[in-house]
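Residue-level structure breakdown
The lines below spell out each chain.
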Amino acid sequence: MTGTSHSGDSYAWGDSFLSRIDPRVKIAGFAGLLMVNLVGASYLVSGLIALAMVLLMIAGRIPYRRQLLMIAFPSTFALFAIISQTVFKGGEVFVALGPFDLHLDGLFHGLYLSLRIVAGGLIVVVLGVTTPLNRLCLALRWFKAPATFIEVMQLTYRYLFDIHAEFSRMREAQRSRLGWSSARSGLASSRMLGGSLFLRVYERGLRSSEAMRCRGSGPVVNGALPRPGRLDILAGLAVAAFLSALSLLALGGPA
Amino acid sequence: MHIPEGLIPAQQAVVWYAPAMAFLGAGLIGLKRHLAAIPSSRPLVGLMGAFVFVISLMPIPVPGLGTVSHPCGTPMAAILLGPLTAAVLGSVALLLQALFFAHGGITSWGANIMSMAVGGSFAGFAVFKISRRAGLGLGISAGMAGFVGDLVTYGLTSLQIALALHGDEPAPYVWGAAFVSFMPTQVPLAIAEALFTAGVVVFIANERAEILEGAVVRP
């Protein structure tokens, strides 16, 4: 499985400068950004992080539709944060809507939270979209993540494609036999689909696992990342400088 | 529903991370031993991880709360592989979803592990075991496990949201409000998860009974 055709990380396999940066640098830098975003408690810090991530996505030419799709989930929560804080957090009441008082302090806190959620979501999007899973796993291994965890991660990822392929084939076959023509037949078909899908993919996995063992393949985690190059050092320095500036802002800047 | 990056304050993120890492560590130790003893069980482990990933990535909008809901898949994984291994699979699925779909987060990973991976797995597994000991059939026991595991997951997620966002209101009040807001979508989803879990487990028992008998990694 190359993961290039219909996988979620097709962009990550491209030749963008973001994809070429060593994943260890990205993980360390983005972990720092996530922490500063969470403890910074400042509009400015979260706003600057969000802006930096948007600029990175534009510079790295990450596909627009992909960006919007991925940011949709955090955005719904951002909206929820604004509404809930405006209702639940006290302070000056600026509007009374029936049983609910809307508070000004709560609105501002909600806006800050929503900015923090969007900034955090964007950091994760940039990391996920620009890093192929195999390089991510090697980097995690370098950071001493347990080998079993990495192996399960790779196995899960591999079986996603087997499930996808079998699911499409079986669902099409069921549809052509009117298996989804009513709610009743749909329920029966979904149970049959779930069970058959499980067994088919399981048996296919057993065969390929057996074949791999016969060929002497060991655990899934193997290989090593190359030594960091000039681009990686530059990226590391840029992130370190950005993090230092944000930390100073968080410590002494406006809330 | 997964809690996104940035929603939970840093202190609460640490509090959720601590038990989550303990469960994950214990699950990984058991799983490592199991994979070393029975290498042929790798396909089942990978497949269940992928199942949990797919099942828990079906977003269904929650009216009023402005967010989405979904089935969990961890109760079924717990029935087939044991609750600790299911917790590991749920954790892996949550990390992949966060990275590739921004569904969940990294600093909220611990909280999401505790609700979906640990809560769903252990509640589902406990209900399955108790039901079987009470003499209930395989399908009914699996269905009840799916139903309860799903609702426990959402109870815990609602608690996490309430603790993070209760503001000046009492946290139990906000918890109740969040849980009730989930009900219109979550009860039908829990019923769907119950039917699906029961259907798949019974199908596997009829077609490949040895998977149910031999594959469970004991906690």
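Attention here is on the structure that accompanies the text. (Residues numbered from 1 in each chain as written. Chains lettered and ligands numbered in written order. Predicted model: local features only at pLDDT ≥ 70, side-chain atom pairs only at ≥ 80, totals over all residues. Heavy atoms only, no water.)

Points about the overall build of chain B
Stated formally: Strands here mean DSSP runs of E at least two residues long; helices mean DSSP runs of H or I at least four residues long; both are numbered from the N terminus. Just to be clear, the radius of gyration here is over C-alpha atoms, and the globule rule we use is 2.2 Å times residues to the power 0.38. Exposure classes here rest on a 1.4 Å probe applied to the protein chains alone. A residue is buried below 20% of its type maximum, exposed above 50%, and partly exposed in between. Between two residues, a contact is recorded if the distance between any of their heavy atoms is within 4.5 Å. Here Asp and Glu are counted as negative and Lys and Arg as positive; His is not counted, and neither are the chain ends. To locate a charge, take NZ of a lysine, CZ of an arginine, CG of an aspartate or CD of a glutamate.
Helix and strand counts for chain B come out as eight helices and two strands. Each helix (α) and strand (β) of chain B, taken in turn from the N terminus, gives the series α-α-β-β-α-α-α-α-α-α. Against the 2.2 N^0.38 benchmark of 17 Å for 219 residues, chain B shows a C-alpha radius of gyration of 17 Å, consistent with a compact globule. For chain B, with 219 residues in total, the buried portion stands at 61%. Of the contacts made within chain B by residues no fewer than 6 positions apart, 75% connect residues no fewer than 24 positions apart. For chain B, the separation between the mean place of its 8 positive charges and that of its 8 negative charges on side chains is 19 Å.

So, the packing of aromatic side chains
Just so we agree on the cut-off: Pairing of aromatic rings covers Phe, Tyr and Trp, the last counted by its six-membered ring, and requires centre-to-centre distances within 6.5 Å; plane angles under 30 degrees mean stacked, over 60 mean edge-to-face, and any other angle means tilted. Remark: a charge is flagged as sitting over a ring if the NZ atom of Lys or the CZ atom of Arg is within 6 Å of the ring centre and within 35 degrees of the ring normal.
Counted under the stated rule, the structure contains twelve aromatic pairs over all chains. On the numbers, 5.2 Å between centres and 85° between planes, the contact of Tyr157(A) with Phe161(A) is edge-to-face. Here Tyr157(A) pairs with Phe161(A), and both are found in helix H7 (residues 147–176), just four residues apart, close to one helical turn. For Tyr157(A), a relative accessible area of 9% corresponds to the buried category. Its relative accessible area of 15% is what places Phe161(A) among the buried residues. Members of the aromatic cluster, joined through ring pairs, are Phe149(A), Tyr17(B) and Trp109(B). Here Arg24(A) stacks its cationic end above the ring of Trp142(A), 5.1 Å away from the centre of that ring.

What to know about the interface of chain B and chain A
Let me state the cut-off plainly: Computed with a 1.4 Å rolling probe, the buried area is the accessible surface lost when two parts are put together, summed over both parts. Basic side-chain nitrogens of Lys or Arg form a salt bridge, by our definition, when they fall within 4 Å of a carboxyl oxygen of Asp or Glu. For the purposes of these results, a polar contact is taken to be a pair of N or O atoms within 3.5 Å, where, inside protein, one atom must be able to donate a hydrogen and its partner to accept one; residues adjacent in sequence count only when each atom of the pair is a side-chain atom.
If you look at the interface, chain B gives 65 residues, while chain A gives 59 residues. Between chain B and chain A the total buried area reaches about 5,500 Å² when both faces are included, carbon and sulfur atoms providing 79% of it. Taken together, the links from chain B to chain A amount to two salt bridges. On inspection of chain B and its partner chain A, the count reaches six residue pairs in polar contact (both at pLDDT 80 or more). At twelve residues, helix H2 (residues 42–55) of chain B tops the list of elements feeding residues into the side of chain B that touches chain A.

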